[in-house]
Amino acid sequence: MDIGALPTSTMQDDYQLTIRPLFEHGRRQHASSKVITFTGDGYTEASFAEVAERADRLAAALTRLGIRPGDRVGTFMWNNQTHLEAYLAVPCMGAVLHTLNIRLFPEQLDYVINHAEDRVIIVDASIAPLLGRVRDTLPTVQHIITVGQGDTSSLGETLDYDALLAAEQAGFAYPEVPEHAGAAMCYTSGTTGNPKGVMYSHRSTYLHSLMATSTASLALAETDRMLVIVPMFHANAWGVPYAAWLIGADLVFPQQYLQAAPLARIIEDTRPTLTGAVPTVLNDLLHNAPTADLSSLRMVMCGGAAVPRALIEGYQQTFGVWITQGWGMTETSPVCAFGTPPKDRADRSEVDWRVRTGRVMPGVELRLVDDNGAVQPWDGESLGEIEVRGPWITGSYYHVDAPDRFDDGWLRTGDVASVSANGFVMISDRAKDVIKSGGEWVSSVDLENTIMGHPAVAEAAVIGVPDERWDERPLACVVLKDGTQASADDLRHWLAGRTAKFWVPEHWSFIEAVPKTSVGKFDKKVLRAQFAGGDLDVETLD
Ligand code: ADP
């Protein structure tokens, strides 16, 4: 449309939505809010004012090392206060924060650092050897800054983070940065081919942070205390550090102590009101720390993978806490849908609402597109691939063409779902995990959830395996809880009446653990490879 024909706005539309005003707002208005980091045997604590001052010094130190606006600064770190300092300082100085996934294989780590052309990497000394494996093949990396104690010998010459900060003053003169500039980047986990980079802008981060304070998502408030379990290298820890900083919610960081016992201790000691994690982490806490006191939590977010009904019911029955599901991806900043039950619950129970993937949030446009490119209605039944667009959704990948991932300005998510008339998404599968039996879709997600509802089952992952008659049939890979027993036949009976008859798998495999991706999700591609290589013990029922 020609703007010339329309009245011009009198607003300050050139005001730049950047991380700088977000940073300054938190620093000034929430100076006494706290950042708490678990150290394994105790806690460190700093106020927002202290963290902001350290961020100033970091910006000054990086500038002294030659970092300029646009340069990429990598972090190879756990969730801790220092990582938060980098989250704030690097974008505010106009550079780009590149959070590196500490669990990548060396080849992928090498690829992403070289592809992003990182110039400096800040690394927790405790994991320095993991970065050391690729140090010799990183020509763009001019400096490595280490934090804390550890064996850093594999990194060659390094600089000490605290010593660098001690040499600088507070009150860095930050430059003006345009809102469309890159603020932070994150690579997808690269399940097929090389990882792809997503560059978050200042504007997208600002708007996504505001949304986290809305009742359409977390309703994050100053009175909240957020325990950040989701890795800060994974989609900006679901955007929570920036949102908490903006609104003055205390932040609690667990570093590497993510097992059930230390997590339970951290929750009991620091009494957070909010936390969030992928289902595997929450499942571990439920099964291995069932007597933990989680009563401080007003909400536990769960997402990144389908959330089993048994997990939601388990949290309610065991801890008296509701799980709220969210949906998104690295490409979407990440949150696009959030599962707070609606005002009108019709005849559905609380749990029936909470098992849904989430309700499309304001700011996100979502449509379903079928195999023929036809847009499907929001009727709760029609299935299609989810496509999204909006201000915190990527429109391309960093320096890589991937036309098949976009459709006329919409991001193709690869998730197959239905949407109800009031905007509740229900994912039935990822496109690459879809099982087609005799031309009909079998939802591996539904099957997994139902199997995991059996009292003896700890984990279940369902993959499609070739079948002469039906093309493909489901194979259920099941992990039993310690000290329990269930046969394939028991589980088949459990499914009968709970799912469509033709979905019920005849192939079963009992395994020690479901393989996990670097961020703790079920890794079905490993299971598929194990099946293809004959490494799974499969029992086939008549
Ligand atoms: P990865 O490919 O490593 O899993 P992401 O973390 O970006 O990378 O994962 C995004 C994907 O996770 C989504 O496309 C979707 O398949 C899955 N996902 C995220 N949240 C949910 C949810 N609540 N229910 C089902 N699947 C989800």
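Further up the page is the structure itself.
Residues numbered from 1 in each chain as written. Predicted model: local features only at pLDDT ≥ 70, side-chain atom pairs only at ≥ 80, totals over all residues. Heavy atoms only, no water.

**Focus on the overall build of the protein chain**
Logical step 1: From N to C terminus, the protein chain includes 16 helices and 28 strands.
Logical step 2: In terms of overall size, the protein chain behaves like a compact globule, its C-alpha atoms giving a radius of gyration of 24 Å where 542 residues would be expected to give roughly 24 Å.
Logical step 3: Across its three principal directions, the C-alpha atoms of the protein chain cover 75 × 65 × 45 Å.
Logical step 4: In the protein chain, buried positions account for 57% of the 542 residues.
Logical step 5: Looking at the protein chain alone, contacts between residues at least 24 apart form 68% of all its contacts between residues at least 6 apart.
Logical step 6: Treating the 44 positive side-chain charges of the protein chain as one cloud and the 69 negative ones as another, the clouds have centres 3 Å apart. (Helix = DSSP H or I, 4+ residues; strand = E, 2+ residues; numbered from the N terminus. Rg over C-alpha atoms; globule rule 2.2 N^0.38 Å. Buried < 20%, exposed > 50% of the residue type's maximum accessible area, 1.4 Å probe, protein only. Contact = heavy atoms within 4.5 Å. Lys, Arg positive; Asp, Glu negative; His and termini not counted. Charge placed at Lys NZ, Arg CZ, Asp CG, Glu CD.)

**Side note on the site of the ligand**
Logical step 1: Around the ligand, the structure places 16 residues, and the nearest of them are Ser189, Gly326, Thr330, Asp415 and Lys521.
Logical step 2: Between the ligand and Gly304 there is a distance of 3.0 Å, counted from a nitrogen atom to a backbone nitrogen or oxygen.
Logical step 3: Gly326 places a polar main-chain atom, nitrogen or oxygen, 2.8 Å from a nitrogen atom of the ligand.
Logical step 4: Sorting the residues of the shell around the ligand by element identifies β14 (323–328) and β22 (424–430) as the ones contributing at least two each.
Logical step 5: In terms of residue count, the dominant contributor to the shell around the ligand is β14 (4 residues).
Logical step 6: Class assignment for the residues of the shell around the ligand results in 5 nonpolar, 8 polar and 3 charged. (Near = heavy atom within 4 Å. Polar contact = N/O pair within 3.5 Å; in protein donor to acceptor, adjacent residues only side chain to side chain. Nonpolar A, V, L, I, M, F, W, Y, C, P; charged D, E, K, R; others polar.)

**A look at empty space enclosed by the protein**
Logical step 1: Using the criterion set out here, one finds 5 cavities of 30 Å³ or more in the structure.
Logical step 2: Considering only enclosed or pocket space, the largest cavity measures out at about 80 Å³ in volume.
Logical step 3: What lines the largest cavity is simply His208, Met211, Ala212, Ser217, Leu218, Trp238, Val240, Met301, Val335 and Met361.
Logical step 4: Top element by residues in the lining of the largest cavity is helix α7 (residues 202–212). It accounts for 3 residues.
Logical step 5: The class makeup of the residues in the lining of the largest cavity is 8 nonpolar, 2 polar and no charged.
Logical step 6: By volume, the second largest cavity is sized at about 60 Å³. (1 Å grid on protein atoms, 1.4 Å probe; cavity = no way out; pocket = protein on both sides within 12 Å on 5 of 7 lines; lining within 4 Å. Points joined across faces, edges and corners; volume = space filled by probe spheres on them.)

**As for the sheet that holds strand β27 (residues 507–510)**
For sheets, the rule is that strands pair by backbone hydrogen bonds, running either parallel or antiparallel.
Logical step 1: Pairing is mixed in the open sheet, where 4 strands are placed in the order β25-β26-β27-β28. The open sheet has two edge strands with one neighbour each: β25 (457–467) and β28 (539–540).
Logical step 2: Where β27 and β28 come together, 2 bridges link them in antiparallel fashion. In the strand pairing of β28, Trp508 is matched with Glu539. (Pairing = 2+ DSSP bridges.)

**Quick look at the environment of Trp410**
Logical step 1: Here Trp410 lies in strand β21 (residues 410–419).
Logical step 2: Residue classification places Trp410 among the buried positions, given a relative accessible area of 8%.

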